[in-house]
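Below are the chains, spelled out letter by letter.
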Amino acid sequence: MNQYSGVPALSKKDYEPQDHASSPPEVEAPRMRLSDLIQLIKDGRKTIAIFAGTAIVLTGLLLLNATPRYEAVSQMLLGEQGLSAQNSFDLVEEQNLTSSVIEGELAVLRSNVLLHRVAERLELETVPEFNPAALDGDGPSFIGGLKSWLKSLVPDFDADRGAEIAEVESQISVAASASATQLGEYRDIVGKLRRSFSVRQQGTSYVVQVTAESEDPDLAAALSNTLMDEYVKFLTDKRFDAAQEFTHWLEVRVNDLAVTLEESERAVVDYRARMEADADNRSRLDQQMTELTTRLVQQRAELAQINALRDKMNEMLENDGPLAAQLLSSSEEMVEYRSQMSSLRQREANAVGRFGEDSAQVASIRRTIEQLEDAIETEVRRELDRLENQREVLTVVVGSMDNSLSELSRLMLNQSGEEIQLSQLRRVADANRQVYQQFLGRFKELSELQSLQSPDAEVISYANPPSSPVYPRRKLSLILAAIGGVFLGVAYLLIRNMLPQKLGSEQQLAQGTGVGVYGTVSGISDDLLLYDLCSKLNSKPDSDLAKQAMRLANNVDMRAGGAARTILVNTDSDRIDRLHTVVMLAWAQARKGRNCVFLDADIRGAQLSSKLEYLKPKATLADVLYGNGAVEDALTRMPRVGAFFMPTETMTGANPAVVFDTEKYHEVMQALLAEADTVIIAPPPATSFTEAYTATDAVDANLFVVRAGTLTAADLSEPLAIAQSAKAQNFGLIMTSA
């Protein structure tokens, strides 16, 4: 290695350790702004168009295979135009159309009875839509025959047990099959027919809307119209039958009531004839009782009024004085006093305004007012005395009248036995007459209703065959499909944008890791041998590949502040990209006229040593570290690269982090730097901190090779932290792509 004797060695300060072991800074995920969303949609417009087009195509295929459905609507008015209607169900008590009653009528419209009538009238058993068996066929289908054959192969283990409990279950089965028995062969048809109908109330009105759906527009209109007609007919029949039955019952009841009424009235007449002798005395007592009662009521009312007025006047006299109490009196003297008092108050106010508060005129007027107040108080007390006299007189009168009334009551009580009996007979006769008249009126009314046979519902709008289907709505479906496809496309872009992104460009790599990118290496396939790579570089020195190698070497030197003497090339796994990068850097350094050595320090896998074609030296790096050879013996000339190469072997059981931190490895590096201008080191991949390059000698440039589109920022977090544990003055990334 005498050819390297003139290479100057680096000074000691170039090897002073620097702290590059800190992990890459965590880059906060940017928040999505409106401008970012617009840019995302603009960049992904092709993806959105693909989603929208796919949705439209799929929807179109579904629409082509969809069976059109038509919907017919009719309307009906319940009751006599929303008023309280009397019908055969209201014979005893009138009813109004409440919400619960309308709900009941809607349930009748959906009932099996009406649907059965509709199915029979329209002969739906011949319509394939409701009865698939109506379709023409040559016989049972293959699938149906296969099911029957498989069923015949399975033995019926429950036959014996079923025979034992058949009698017990017979009543349950009969009750459970009541609906099927009622509908008969129309059971399945009615079930499908119910799903074709929609019956609902129009808001809070008495209008009911019946909607029928079918594959045939004419059949849809027929279903809706027939259901309403059958409902009206059903009401008419039911009401006629109920009216007829009720009429018969009323007729019998009216005859019985007529006999009862006749007997009760005859009893009243007979009893009154026996009381004719005492009729005058009884009449006179009644007249006296009436007159005395009327007078007593009047006297008590007057007494109560006088007591109230007297008590109120006393209370106001004691609490508020005579001026307040005089307001309750309406005597002529009191009216005159009030007029005088009002005039004096007015004069007093004028005198105070003209002559002052202490003038003689004001004092004279006030003395007159005081005299008038004394006269008012005297008059109030005189009024109270008058009221007291009236109260005493009325008390005596009321007491006398009470005594007279008691005496009359005693006299009438002695004669009330027969009168009570007569009254009882009259009440019975009146009750019988009232019941008879009510039933007779209902009987006449029901007879008229029975002759009219008018239903309590009226069809106000029959359905017409629809001209267009309600399903599928092709234009709307395609529009919604396009809108849905656009939304799905935007959602896909948003989700893809929110998920961790594979770093595929220099900008993404720098932003995601927070580490600068020294350069890119592209156009090299993974299956390109290192030997062929060297051939390409030497055959076309002006090719794009050679320019990439020179540009990478220049960037490394520029970042190092001059010619980089030690370059560490790391990666996250055993990648061929890292080997290509090492060879290209070594070739570029040789092209720049430097003596270069590239070292395979991967003592775990020795990947570079196994992939590179070279003349094997006497020793390897492992031998030198073990003391089994010299540095000169481990170097081999690589003419195609223009540099020396030191291979290695796997060192089983050796920890790379420990090996690189030994004095022996330091001596190897010092010997290489003493003889070479640039040393390129390929350490083990940064998979764990035990594989970290922890040599005490600082390196000028620490390069980390990343394959484009394979890793996210999170995937690179730990490998970068491991790689940065090496003492390096500069740390940068190299992005490779095929």
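Caption draft 1: Structural context of the overall build of the protein chain. Along the backbone of the protein chain there are 24 helices and 12 strands. Every one of the 738 residues in the protein chain was classed for burial, and the buried ones make up 38%. Looking at the protein chain alone, contacts between residues at least 24 apart form 83% of all its contacts between residues at least 6 apart. Here the protein chain has roughly 41800 Å² of accessible surface; of this, 52% comes from carbon and sulfur atoms.

Caption draft 2: Region of the structure containing the packing of aromatic side chains. In this structure the tally under the stated criterion is six aromatic pairs. Put simply, the rings of Phe598, Tyr614 and Phe645 pair up and form one aromatic cluster.

Caption draft 3: Focus on the confidence of the model for the protein chain. For the protein chain, per-residue confidence averages 80 on the pLDDT scale, and 85% of positions sit at 70 or higher. Low confidence marks residues 1-29, where pLDDT is under 50. Its contacts with residues over four positions away, or in another chain, come to 64 contacts.

Caption draft 4: Broad picture of the packing of helix H17 (residues 530-539) against helix H19 (residues 576-591). Contact geometry for H17 and H19: axes closest at 10 Å, N-to-C directions at 35°. Between H17 and H19 lies a crossing of right-handed hand. Packed against H17, whose contacting residues are Leu530, Leu533, Cys534, Leu537 and Asn538, the element H19 presents Leu579, His580, Val583, Met584 and Trp587 at the interface. Class assignment for the residues of the contact of H17 with H19 results in eight nonpolar, two polar and no charged.

Caption draft 5: Representation of the sheet that holds strand E3 (residues 207-214). Strand order in the open sheet formed by four strands is E2-E3-E1-E4, and the pairing between neighbours is antiparallel. In the strand order of this sheet, the two ends are held by strand E2 (197-201) and strand E4 (457-461), each with one partner. This sheet shows a mean twist of 25° between the axes of neighbouring strands, independent of strand direction. Judged from the four bridges that link them, strand E1 (residues 70-78) and E4 form a sheet pairing that is antiparallel. Its bridge partner lying in E4, Leu77 is registered against Glu458. Helix H3 (residues 99-109) contacts E1, E2 and E3 of the sheet and is inclined by roughly 170° relative to E2.

Caption draft 6: Quick look at the side chain of Asp572. Within the secondary structure, Asp572 sits in the loop between strand E6 (566-571) and H19. A relative accessible area of 13% places Asp572 in the buried class. At a separation of 3.3 Å, a polar atom in the side chain of Asp572 contacts the side chain of Thr571. A polar atom in the side chain of Asp572 sits 2.8 Å from the side chain of Arg575.

Caption draft 7: Structural context of the sheet that holds strand E8 (residues 636-638). The eight strands lie next to each other as E5-E12-E11-E6-E10-E7-E9-E8, forming an open sheet whose pairing is mixed. On the outer flanks of this sheet lie strand E5 (517-522) and E8, each paired with one strand and no other. Between one strand and the next, the sheet's axes are offset by a mean angle of 25°, whatever the strand orientation. As paired strands, E8 and strand E9 (residues 643-646) are joined by three bridges and run antiparallel to one another. Bridging from a neighbouring strand, Arg637 pairs with Phe644 of E9.

Caption draft 8: Structural detail: the environment of Ile369. Looking at where Ile369 falls in the secondary structure, it is placed in helix H13 (residues 360-414). A sequence separation of 29 residues divides Ile369 from Gln340, and the C-alpha atoms of the two residues are 8.8 Å apart. Not counting the four nearest positions on each side in its chain, Ile369 is found in contact with Met341, Leu344, Arg345 and Glu348.

Caption draft 9: Region of the structure containing the nonpolar core. Phe598, Val641 and Ile680 are the most contacted members of the largest nonpolar core, which has 40 residues in total. When residues of this core are assigned to their parent elements, the largest contribution, nine residues, is made by H19. Excluding residues within four positions of it along the chain, Ile680 makes contact with Ile567, Val569, Val582, Leu585, Ala586, Cys596, Val597, Phe598 and Leu599.

Caption draft 10: The arrangement of empty space enclosed by the protein in detail. Under the definition given, this model contains two cavities of 30 Å³ or more. A volume near 60 Å³ is recorded for the second largest cavity. Around the second largest cavity, the lining residues are Val521, Ile524, Asp526, Asp577, His580, Arg707, Thr736, Ser737 and Ala738. At the level of elements, H19 and strand E12 (731-737) are the ones that each hand at least two residues to the lining of the second largest cavity.

Caption draft 11: Looking closely at a nonpolar patch on the surface. On the surface, a nonpolar cluster with roughly 500 Å² of combined accessible area is contributed by Leu476, Ile479, Leu480, Ile483 and Phe487. Topologically, Phe487 is positioned in helix H15 (residues 474-498).

Caption draft 12: Main features of the pattern of salt bridges. Following the criterion strictly, the structure yields 22 salt bridges and no others. Of the charged contacts, one joins Asp430 and Arg433 as a salt bridge, the two residues approaching to 2.8 Å between their closest N and O atoms. Here Asp430 pairs with Arg433, and both are found in helix H14 (residues 416-452), just three residues apart, close to one helical turn. Residue Asp526 pairs with Arg707 through a salt bridge whose shortest N-O separation is 2.8 Å. Remark: Arg707 occurs in strand E11 (residues 701-707) and Asp526 occurs in the loop between E5 and H17; sequence separation between them is 181 residues.

Caption draft 13: Highlighting the environment of Ile524. As for its placement among the helices and strands, Ile524 is situated in the loop between E5 and H17. Using a relative accessible area of 6% as the deciding quantity, one classes Ile524 as buried. Remark: the alpha-carbon pair of Ile524 and Asp577, spanning 53 residues in sequence, is separated by 8.4 Å. Once residues lying within four places of it in the same chain are set aside, the contact partners of Ile524 are Leu533, Leu545, His580, Met584, Ser737 and Ala738.

About the criteria used
Residues numbered from 1 in each chain as written. Predicted model: local features only at pLDDT ≥ 70, side-chain atom pairs only at ≥ 80, totals over all residues. Heavy atoms only, no water. Helix = DSSP H or I, 4+ residues; strand = E, 2+ residues; numbered from the N terminus. Buried < 20%, exposed > 50% of the residue type's maximum accessible area, 1.4 Å probe, protein only. Contact = heavy atoms within 4.5 Å. Areas by Shrake-Rupley, 256 points an atom, 1.4 Å probe, with all protein chains shown as cover. Phe/Tyr/Trp six-rings, centres within 6.5 Å; stacked < 30°, edge-to-face > 60°. pLDDT = per-residue confidence, 0-100. Axes fitted to C-alpha atoms, helices over the stretch in contact; angles between N-to-C directions. Left-handed = near helix turned anticlockwise from the far one by under 90°. Nonpolar A, V, L, I, M, F, W, Y, C, P; charged D, E, K, R; others polar. Pairing = 2+ DSSP bridges. Polar contact = N/O pair within 3.5 Å; in protein donor to acceptor, adjacent residues only side chain to side chain. Core = buried A, V, L, I, M, F, W, Y, C linked by side-chain atoms within 4.5 Å. 1 Å grid on protein atoms, 1.4 Å probe; cavity = no way out; pocket = protein on both sides within 12 Å on 5 of 7 lines; lining within 4 Å. Points joined across faces, edges and corners; volume = space filled by probe spheres on them. Patch = residues over 30% accessible without salt bridge, like charges linked within 9 Å, V, L, I, M, F, W, Y side chains within 5 Å. Salt bridge = Lys/Arg side-chain N within 4 Å of Asp/Glu carboxyl O.

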